[in-house]
Amino acid sequence: GVYEMGSTFKIFSVAQGLEENLFDLDTSFNTEPFFVGKKKFKDKFNFDSEVTVREIIVRSSNVGSARIALELGKENQKKILKKLGLLDPVPFELIEAKMTAPLNPPDWKPLTLATVSFGHSISVSLLHLARAYSILTNGGFDVKPTIIKKNEDQDIRKRIFKRETSHKILELLEAVVSDERGTGRSANSVYYGIGGKTGTADKPSKKTKGYLEEKVISNFAGVFPIGEPRYVIAALLDEPENTFKEKTCRFSGCTVAPMVKQIIERVGPLLGIIPFKNDEDNRSDS
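Not measured: the values here are computed from a predicted model.

Q: Which parts of the structure should I look at to understand the overall build of the protein?
A: Within the protein one finds eight helices and seven strands. Taken over the C-alpha trace, the protein has a radius of gyration of 18 Å; the compact-globule value for 286 residues is 19 Å, and the two agree within 12%. Taking the principal axes of its C-alpha atoms as reference, the protein extends roughly 55 × 50 × 40 Å. Here the analysis covers contacts within the protein between residues at least 6 apart in sequence; of these, 66% occur between residues at least 24 apart. Carbon and sulfur atoms provide 50% of the accessible area of the protein, an area that totals close to 15,100 Å². Within the protein, the 38 negative side-chain charges are centred at a point lying 6 Å from the centre of the 42 positive side-chain charges.

Rendered as structure tokens:
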């Protein structure tokens, strides 16, 4: 299936801005509420009136993301999505992949620019998301998903992003998980270095125009080990609810992100990745 992925899309506009040298991680953007046409953009949580690109990603500001996209412009936004394979079906051996044609916006007006920047107005598959994050975190080389085991010649890989851009994206994804204010801090592990980005999108109604009340699609794109990335894991939950907290939580940070952390901690040893710590105190949960 294809879904609106929410804030996991925010990293794409930032990557394009870094690639085109339009800004750096410490460049500030206005995060005060503003209108695009009749649509008002505001964040669910309080931000200062000006925050850096780093904080926009770490704390996941919709307003900041929209501002970045509007500065990039239509051609730059479409360019990054095209390069990452997010506008076309994923080439893949399984017949089901043919059903993952993205639902792209019919136009690319300023309102579309803003909403696409945080993963609305465009629907893609989880395989699209995994491929895009693989490209951004492997040094900037193109990736063709496959289930066929083969040894890829390092010399013939096609570079589509600068290595420096990839390094900065990794820095951001690590901060999303390691920073105490990061939306993905629940994916922080004492065993493995994990980076990633959270995404929570309102779920469209099948019966009426608009979105369902209190129903979301939550996803998380994780990269590990973050110091020397080898794997990307993209996971999605449809209508998740974490009822173990005082108030029911549906955000990616309290549903799918901790799930991905547990998956990584379980498969890491099977993949031969040595954990950070092996002392008795940290083995009790393994």
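Moving on from the model shown.
Q: Looking at this structure, I do not really get the confidence of the model for the protein. What am I missing?
A: Parts of the prediction with low pLDDT should not have their coordinates interpreted in detail. For the protein, per-residue confidence averages 92 on the pLDDT scale, and 95% of positions sit at 70 or higher. Every residue in residues 278-286 is under pLDDT 50, and counting partners more than four places away or in other chains gives seven contacts.

Q: Is there a simple way to explain the pairing of strand S5 (residues 195-204) in this structure?
A: Where burial is concerned, most of S5 is hidden: seven out of the 10 residues are buried. Here S5 folds back onto strand S6 (residues 211-224) in antiparallel fashion, the turn holding six residues, of which Gly210 has a positive phi close to 110 degrees.

Q: Got a minute to help me understand unusual backbone geometry in this structure?
A: Note on backbone geometry: most residues besides glycine have negative phi, and most peptide bonds are trans. In this structure, the amide linkage connecting Phe224 to the following residue, Pro225, adopts the cis form with an omega of -20 degrees. Even without being glycine, Ser121 reaches a positive phi, approximately 75 degrees. Within the secondary structure, Ser121 is located in the loop between helix H5 (110-117) and helix H6 (126-137). The class for Ser121 is partly exposed, based on a relative accessible area of 33%.

Q: Any chance you could explain the pairing of S6 here in plain terms?
A: The side chains of a regular strand alternate between both faces of the sheet. Pairing of S5 with S6 involves nine bridges; the strand directions are antiparallel. Across the sheet, residue Gly195 finds its bridge partner in S6, namely Val223. Pairing between S6 and strand S7 (residues 231-238): eight bridges, direction antiparallel. Its bridge partner lying in S7, Phe224 is registered against Tyr231. The antiparallel pairing of S6 with S7 creates a hairpin that spans six residues between the two strands.

Q: Hey, could you run me through helix H4 (residues 74-83) in this one?
A: Side chains that are three or four residues apart share a direction in an α-helix, a result of its 3.6 residues per turn. Along H4, the positions that sit buried rather than exposed are Asn76, Gln77, Ile80 and Leu81. Seen end-on, H4 carries its buried residues on one side only, within an arc spanning 130 degrees. Those residues of H4 that are buried are in contact with helix H1 (10-19), helix H3 (62-72) and H5. Downstream of H4 by a residue or two, Gly85 has a phi angle that is positive, lying close to 75 degrees.

Q: What is the right way to read the packing of H3 against H5 from this model?
A: Think of two packed helices as two axes; the pair is described by the angle between the axes and how far apart they sit. Following both chains from N to C, one finds H3 and H5 inclined at 130 degrees, their axes separated by 8 Å at the closest point. Judged on the interaxial angle alone, H5 and H3 are oblique. For the pair H3 and H5, the crossing hand works out as right-handed. Along its contact with H3, which presents Ser65, Ala66, Ala69 and Leu70, the element H5 presents Pro110, Leu113, Ala114 and Ser117. Tallied by class, the residues present in the contact of H3 with H5 amount to six nonpolar, two polar and no charged.

So, how was this worked out
Residues numbered from 1 in each chain as written. Predicted model: local features only at pLDDT ≥ 70, side-chain atom pairs only at ≥ 80, totals over all residues. Heavy atoms only, no water. Helix = DSSP H or I, 4+ residues; strand = E, 2+ residues; numbered from the N terminus. Rg over C-alpha atoms; globule rule 2.2 N^0.38 Å. Contact = heavy atoms within 4.5 Å. Areas by Shrake-Rupley, 256 points an atom, 1.4 Å probe, with all protein chains shown as cover. Lys, Arg positive; Asp, Glu negative; His and termini not counted. Charge placed at Lys NZ, Arg CZ, Asp CG, Glu CD. pLDDT = per-residue confidence, 0-100. Buried < 20%, exposed > 50% of the residue type's maximum accessible area, 1.4 Å probe, protein only. Pairing = 2+ DSSP bridges. Arc of directions from axis to C-beta. Axes fitted to C-alpha atoms, helices over the stretch in contact; angles between N-to-C directions. Parallel < 35°, antiparallel > 145°, perpendicular 65-115°, else oblique. Left-handed = near helix turned anticlockwise from the far one by under 90°. Nonpolar A, V, L, I, M, F, W, Y, C, P; charged D, E, K, R; others polar.

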